[in-house]
Amino acid sequence: MGVIMLTTYLFKKAHVFIILFVILLLIFAVACDNSENDSKASTNNSNNINSFDESNSSSHFNKNNVTIEIGGSEKLEFIITTDIEYDSTMKWTSSNESIATVSDDGIVTGVKEGKVDITAKTTDDKFSGACTVTIVKYKDCEGSKNCVMHDDIIRTFELHVPACYDANNPVPLVVDIHGYGSTGLSRMEYSGVKELSETECYIAVWPNGLQNSWNIGPCCEYAALNNIDDTGFIVNMVAKLVGIYAIDENRVYATGLSNGGGMTHRLGFEAGDTFAAIAPYVMPALVTHSENHIPISVIAFQTTDDESVPLDGFLGVSGEDSFEEWKVANECDGEPAIMESGYDDVQCRVYANCDDGVETAYCIAPGDHIIVDNVPGFNFAQFAWEFMSRFSLN
């Protein structure tokens, strides 16, 4: 009997102990959970104080699925949105420069068929990104009036045919060449050549330089560094247009601004059998004539306050040096005479006694590099046209 009573007593006490043990476990679990939450909260608070919230920063390219033709160019931009300070200077690289190159300002140029990754990275390495670019090659340009293949590179241009054009009556052709960093389309919009084509009835064309540059000898950038045959391209472009439109082959003219002005000089020295006269603006001739130079009429323009291409010299060549080079190239005699411009601010001189009846003129105008609006009321495109249009190859 005593054994049974003792057993009953112990069982009752053990039940109480078990209940107490379970309660203690629950208390311990709650305490641990609160401690963990406090730890997480502390960590989160520490992160907010000591580092930036990455969710407030983003970066992306301005274009997706970029496809560029061989010889073509496309400008990429790496756009960063953030609350933190960073060095905005970008370093651009190409995963394969034999397929595509990229300039310091993100201009990608196709070299050959294939795919490359173009990477943009801030110089402090805080932001970076990569964009896949596909380079394609079109073997045939015959289906388009606005491109020509030259040296296995597709070259493009803008074209304007005036309302007065009649396929039964050949008209002159004017090639208008953009400056460094610009495009044919941009040049077309402000040079005045397009508007003048409607009143003077000529076809106008604006070629595009590779990576927005032209090879004029020691300048400029991509075209010069890669010795691009821009003369050959432009001559081939003219030949294509002559084959499509009724163009008077004896009345093809060239003009251009800055880097395009230098290209205009080069065309005069190297393609005198294609062009009857040229009008380069704000760039001296950075190449010289050869023994086989064909005399060609030229009227060149420089400005007095040009900081980009100073009047007294650019890469060691001044406007006067260039004028002298043309005098020698065209075998001009005597001293230059005053050439009336109709405006006192535009002072011109001309050698009128040169070989093959050509003339060599040089004008100095006031103002800065973009010459178009420097002299109120004076139309540079009109003045240049009136000079060039007097000459023909025959």
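Below is a summary of the structure that appears in this document. These numbers come from a predicted model, not from an experiment.

### So, the environment of Glu-77
Within the secondary structure, Glu-77 is located in the loop between strand S3 (73-75) and strand S4 (78-81). For Glu-77, a relative accessible area of 39% gives the class partly exposed. In the structure, Glu-77 is positioned 43 residues away from Ala-120 in sequence and 8.6 Å away in space, judged by C-alpha atoms. In this view, Glu-77 contacts His-60, Phe-61, Asn-62 and Trp-92; residues no more than four positions away in its chain are not counted.

### Quick notes on helix H7 (residues 319-329)
Among the residues making up H7, those that are buried are Gly-319, Ser-322, Phe-323, Glu-325, Trp-326 and Ala-329. Taken down its axis, H7 places every buried residue within 160° of arc, on the same side.

### Let's talk about the pattern of salt bridges
With the rule as written, the count across this model stands at 6 salt bridges. Of the charged contacts, one joins Glu-270 and Arg-266 as a salt bridge, the two residues approaching to 2.9 Å between their closest N and O atoms. With Glu-270 and Arg-266 both in helix H6 (residues 259-270), this residue pair falls 4 residues apart, about one helical turn. Of the residues examined, Glu-270 reaches a relative accessible area of 43% and is grouped as partly exposed. Measuring nitrogen to oxygen at the nearest pair gives 2.4 Å for the salt bridge that ties Glu-320 to Arg-349. Of the two residues, Glu-320 is situated in helix H7 and Arg-349 in strand S18 (residues 347-351); the sequence distance between them amounts to 29 residues. With relative accessibility at 38%, the residue Glu-320 sits in the partly exposed group.

### What about helix H5 (residues 230-244)?
Helix length check: H5 (15 residues) gives 21 Å between terminal C-alpha atoms against 21 Å at 1.5 Å per residue, within 8%. Residues Asp-230, Thr-231, Gly-232, Phe-233, Ile-234, Met-237, Val-238, Lys-240 and Leu-241 constitute the buried set of H5.

### Some remarks on the packing of H5 against H6
To characterise two packed helices, one gives the angle between the axes of the helices and the distance between these axes. Orientation of H5 relative to H6, taken along the N-to-C sense of each, is 75°, at an axis distance of 10 Å. Accordingly, the angle class assigned to the pair H5 and H6 is roughly perpendicular. Listed contacts from H6 to Asp-230, Thr-231 and Ile-234 of H5 are Met-263, Arg-266, Leu-267 and Glu-270.

Cut-offs and rules
Residues numbered from 1 in each chain as written. Predicted model: local features only at pLDDT ≥ 70, side-chain atom pairs only at ≥ 80, totals over all residues. Heavy atoms only, no water. Helix = DSSP H or I, 4+ residues; strand = E, 2+ residues; numbered from the N terminus. Buried < 20%, exposed > 50% of the residue type's maximum accessible area, 1.4 Å probe, protein only. Contact = heavy atoms within 4.5 Å. Arc of directions from axis to C-beta. Salt bridge = Lys/Arg side-chain N within 4 Å of Asp/Glu carboxyl O. Expected span 1.5 Å × (residues − 1). Axes fitted to C-alpha atoms, helices over the stretch in contact; angles between N-to-C directions. Parallel < 35°, antiparallel > 145°, perpendicular 65-115°, else oblique.

Shape is all these values report; function is a separate question.
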